[in-house]
Amino acid sequence: KNEVEQSPQNLTAQEGEFITINCSYSVGISALHWLQQHPGGGIVSLFMLSSGKKKHGRLIATINIQEKHSSLHITASHPRDSAVYICAVTFLRARGGGGADGLTFGKGTHLIIQP
Amino acid sequence: DVKVTQSSRYLVKRTGEKVFLECVQDMDHENMFWYRQDPGLGLRLIYFSYDVKMKEKGDIPEGYSVSREKKERFSLILESASTNQTSMYLCASSLYGNGYSGANVLTFGAGSRLTVL
């Protein structure tokens, strides 16, 4: 079964700390997404990547295809970064079991940044 | 700058009631999706649609139906609500119509929290 595992499930840190959230998956993928969900429900797409590294402001996403692993980093964390971060992948030839666009979601990492 | 709008943020219904959840997107996207999100289970796909009047079952379609009469609108229907359908429902859309491309970025609505008593 194609799976997506995130760690940690919950993370509490102090303002200013460097944050790392990890995502690992079981088989080959064509794309990996990092999503952010704030309290209240709205989800925003942060990154979509299939190789290498992407940076947007204080957020950095990396992916290692060989190791089937991706990380989301937040530098100089701030309380407004508090949210649930969700990893989602499109498995190669994913029809069936992963839904439309073959997306399979991790269960999310609940991040709290304390002032 | 609202792009995917869900009609109700919070709903409380009684067991057996018919429930409509509406979703509208203004980006001319072809794909639209309904997910539910439950603690410990993550996001699970209920139904999706690649075009007007087209629909396909996702991972957990039982107890739900959908309607897509216009490109911009995708409705989720609970014919007879049950307590196990208490959940957060999220609508999303994406541009490309062929699915399984791995390249589509999803745009989500704000979510509708449904409580069935």
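Quick note: structure is the one above.
Residues numbered from 1 in each chain as written. Chains lettered and ligands numbered in written order. Predicted model: local features only at pLDDT ≥ 70, side-chain atom pairs only at ≥ 80, totals over all residues. Heavy atoms only, no water.

Broken down by element type, chain A carries 0 helices and 11 strands. Looking at chain A as a whole, 47% of its 115 residues are labelled buried. For chain A, the share of sequence-separated contacts (at least 6 apart) that also reach a separation of at least 24 residues comes to 58%. Just so you have it, chain A exposes about 5,400 Å², and 50% of that area is on carbon and sulfur atoms. (Helix = DSSP H or I, 4+ residues; strand = E, 2+ residues; numbered from the N terminus. Buried < 20%, exposed > 50% of the residue type's maximum accessible area, 1.4 Å probe, protein only. Contact = heavy atoms within 4.5 Å. Areas by Shrake-Rupley, 256 points an atom, 1.4 Å probe, with all protein chains shown as cover.)

Our focus in this paragraph is the sheet that holds strand β3 (residues 19-25) of chain B. Residues and elements named next belong to chain B. Reading across the sheet, the 4 strands line up as β1-β3-β8-β7 and stay open at both edges, with antiparallel pairing between neighbours. Each end of this open sheet is capped by a strand with a single partner; those strands are β1 (4-6) and β7 (65-70). Averaged over all pairs of adjacent strands, the angle between their axes in this sheet comes to 20 degrees, without regard to strand direction. The pairing of β1 with β3 spans 3 bridges and is classified as antiparallel. By the bridge assignment for β3, Val4 is matched with Gln25. (Pairing = 2+ DSSP bridges. Axes fitted to C-alpha atoms, helices over the stretch in contact; angles between N-to-C directions.)

Our next topic: the sheet that holds strand β1 (residues 4-7) of chain A. All names here are of chain A. Taken in spatial order, the 5 strands of this open sheet run β1-β3-β8-β7-β6, and their pairing is antiparallel. In the strand order of this sheet, the two ends are held by β1 and β6 (52-56), each with one partner. Looking at each pair of strands side by side, their axes are set apart by 15 degrees on average, direction ignored. As paired elements, β1 and strand β3 (residues 19-25) share 4 bridges and run antiparallel to each other. Along β3, the bridge assignment pairs Ser7 with Asn22.

Moving on to the pattern of salt bridges. Residue and element names in this part refer to chain B. Taken as a whole, this structure holds 7 salt bridges over all chains when the rule is applied. A salt bridge links Arg73 to Glu22, with the shortest nitrogen-to-oxygen separation between them at 3.7 Å. Placement of the pair is Arg73 in strand β8 (residues 73-78) and Glu22 in strand β3, with a sequence separation of 51 residues. A salt bridge links Asp38 to Arg36, with the nearest nitrogen and oxygen atoms 2.8 Å apart. Just as Asp38 is buried, Arg36 falls in that class too. It is possible to trace a salt-bridge network through shared partners that takes in Arg36, Asp38 and Arg44. (Salt bridge = Lys/Arg side-chain N within 4 Å of Asp/Glu carboxyl O.)

The next point concerns the nonpolar core. Among the nonpolar cores identified, the biggest contains 24 residues, and Leu32(A), Trp34(A), Phe47(A), Leu72(A), Tyr85(A) and Val89(A) are the most heavily contacted of them. For this core, the secondary structure elements donating two or more residues are β3, β4 (29-37), β5 (43-49), β7 (59-64), β8 (69-74), β9 (83-91) and β11 (109-114) of chain A. Take this core: its biggest share by element is 5 residues, from β9(A). With residues near it in sequence (within four places) discarded, Leu72(A) still touches Ile19(A), Thr20(A), Ile21(A), Trp34(A), Leu46(A), Phe47(A), Ile60(A), Ala61(A) and Tyr85(A). Counting residues in each nonpolar core, the second largest holds 20 residues, with Leu21(B), Val66(B), Cys91(B) and Val116(B) among its members. (Core = buried A, V, L, I, M, F, W, Y, C linked by side-chain atoms within 4.5 Å.)

Moving on to the packing of aromatic side chains. Per the counting criterion, the structure on display carries 6 aromatic pairs over all chains. Here a set of aromatic residues connected by ring pairs shows up, and it is made of Phe105(A), Phe33(B), Tyr35(B), Phe48(B), Tyr50(B) and Phe108(B). (Phe/Tyr/Trp six-rings, centres within 6.5 Å; stacked < 30°, edge-to-face > 60°.)

What is meant by a disulfide is a covalent connection between two cysteines, made through their sulfur atoms. Residues and elements named next belong to chain A. Scanning the entire structure with this criterion turns up 2 disulfides over all chains. Covalent S-S linkage joins Cys23 and Cys87, the inter-sulfur distance amounting to 2.0 Å. On the sign convention where negative is left-handed, the bridge of Cys23 and Cys87, at about -65 degrees about the S-S bond, is left-handed. Note that Cys23 is positioned in strand β3 and Cys87 in strand β9, a separation of 64 residues in sequence. (Disulfide = S-S within 2.5 Å.)

All names here are of chain B. The alternating pattern of β3 places Val19, Leu21, Cys23 and Gln25 on a buried face and Phe20, Glu22 and Val24 on a face that is not buried. When β3 meets β8, the two strands line up antiparallel, connected through 6 bridges. Bridging across to β8, Val24 finds its partner in Arg73.

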